[in-house]
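Understanding the architecture of this molecule
Each chain, letter by letter, is given below.
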Amino acid sequence: MGDTAGANGGDGGAAVPKVTTATVEKLLAKAFPHAASMGVKDVSGGCGTSFKVTIVSPAFEGHRLLARQRLVYTALAPVMPDIHAVLMTLKTPSQVEAADSAATSAAAPAASAVPTPSGE
């Protein structure tokens, strides 16, 4: 019989994921060593088939979204046969700075929006 625990839980226990968050992080860190930030989350409930990846890297400068995704898929090529989905947020440092500036500007109240007490 020789049934072993695998993706289907052979011994009745929890399935061991073939691909871990650490494995994905390691592959991406190697491909994007100058990334300003990187995050990887298993969104498959722990079975290692779906990941959410967020990367801010200068390596994306001058690349459209599809080209950025191809860079990530190339980095994950060794494990892609075992992954069902990769949800990606891929930005350049300048895109993050622009978004932060816009958010800061929007959050600052206009001088005319501040109520003043009447009769003073």
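Right above here is the structure, for reference.
Attention here is on the structure that accompanies the text. Position numbers for residues count from 1 along each chain, tracking the sequence in the order it is written. Two thresholds apply to this predicted model, a pLDDT of at least 70 for residue-level local features and 80 or more for giving and counting side-chain atom pairs, whereas whole-chain, interface and lining totals are computed over all residues. Values shown for side chains rest on all heavy atoms present in the structure; no hydrogens or waters enter the calculation.

**Regarding the side chain of aspartate 42**
To qualify as a helix, a DSSP run of H or I must reach at least 4 residues; to qualify as a strand, a run of E must reach at least 2; elements of each kind are numbered from the N terminus. Inspection of the secondary structure puts aspartate 42 in strand 1 (residues 37–42). Burial status follows relative accessibility: with a 1.4 Å probe on protein chains alone, a residue under 20% of its type maximum counts as buried, one over 50% as exposed, and anything between as partly exposed. When charges are counted, Lys and Arg are positive and Asp and Glu negative, with His and the chain ends excluded. One side-chain nitrogen of Lys or Arg within 4 Å of one carboxyl oxygen of Asp or Glu is enough to make a salt bridge. We note that aspartate 42 is buried and unpaired, the nearest opposite charge coming from lysine 41 at a distance of 9.2 Å. We call two N or O atoms a polar contact when they sit within 3.5 Å, provided that within protein one can donate a hydrogen and the other can accept it, with sequence-adjacent residues counted only if both atoms are side-chain atoms. A polar atom in the side chain of aspartate 42 sits 2.4 Å from the side chain of serine 44. Should any heavy atoms of two residues lie within 4.5 Å, those residues are counted as being in contact. Here aspartate 42 is in contact with Thr21, Cys47, Gly48, Ser50 and Phe51, once residues within four sequence places are set aside.

**Overview of the packing of aromatic side chains**
Pairing of aromatic side chains requires ring centres within 6.5 Å, counting the rings of Phe and Tyr and the six-membered ring of Trp. Pairs whose planes differ by under 30 degrees are stacked, by over 60 edge-to-face, and all others tilted. As enumerated under the stated definition, the model contains one aromatic pair in all. The interplanar angle of 50° and the centroid separation of 5.3 Å between the aromatic rings of phenylalanine 32 and phenylalanine 60 together place this pair among those described as tilted. Note that phenylalanine 32 is positioned in the loop between helix 1 (21–31) and strand 1 and phenylalanine 60 in the loop between strand 2 (50–56) and helix 2 (65–75), a separation of 28 residues in sequence. Taking the relative accessible area as the measure of exposure, phenylalanine 32 reaches 5% and is therefore buried.

**Notes on the sheet that holds strand 3 (residues 85–91)**
Strand-to-strand pairing in sheets goes through backbone hydrogen bonds, with the strands running parallel or antiparallel. For two strands to be treated as a pair, DSSP must find no fewer than two bridges joining them. The strand order across the open sheet built from three strands is 1-2-3, with neighbouring strands paired in mixed fashion. Two strands bound the open sheet, and with one partner strand each, they are strand 1 and strand 3. Taken over all neighbouring pairs, the strand axes of this sheet differ in orientation by 10° on average, direction set aside. Two strands pair when backbone bridges link them, and strand 1 and strand 2 are joined in this way by six bridges, in the antiparallel orientation. Among the inter-strand pairings, valine 40 is bridged to a residue of strand 2, identified as valine 53. Where helices are involved, their axes are fitted lines through C-alpha atoms of the stretch in contact, as for all axes, and angles between N-to-C directions lie from 0 to 180°. Sheet contacts for helix 1: strand 1 and strand 2; angle to strand 1, the most-contacted strand, approximately 155°. Sheet contacts for helix 3 (residues 93–107): strand 2 and strand 3; angle to strand 3, the most-contacted strand, approximately 70°.

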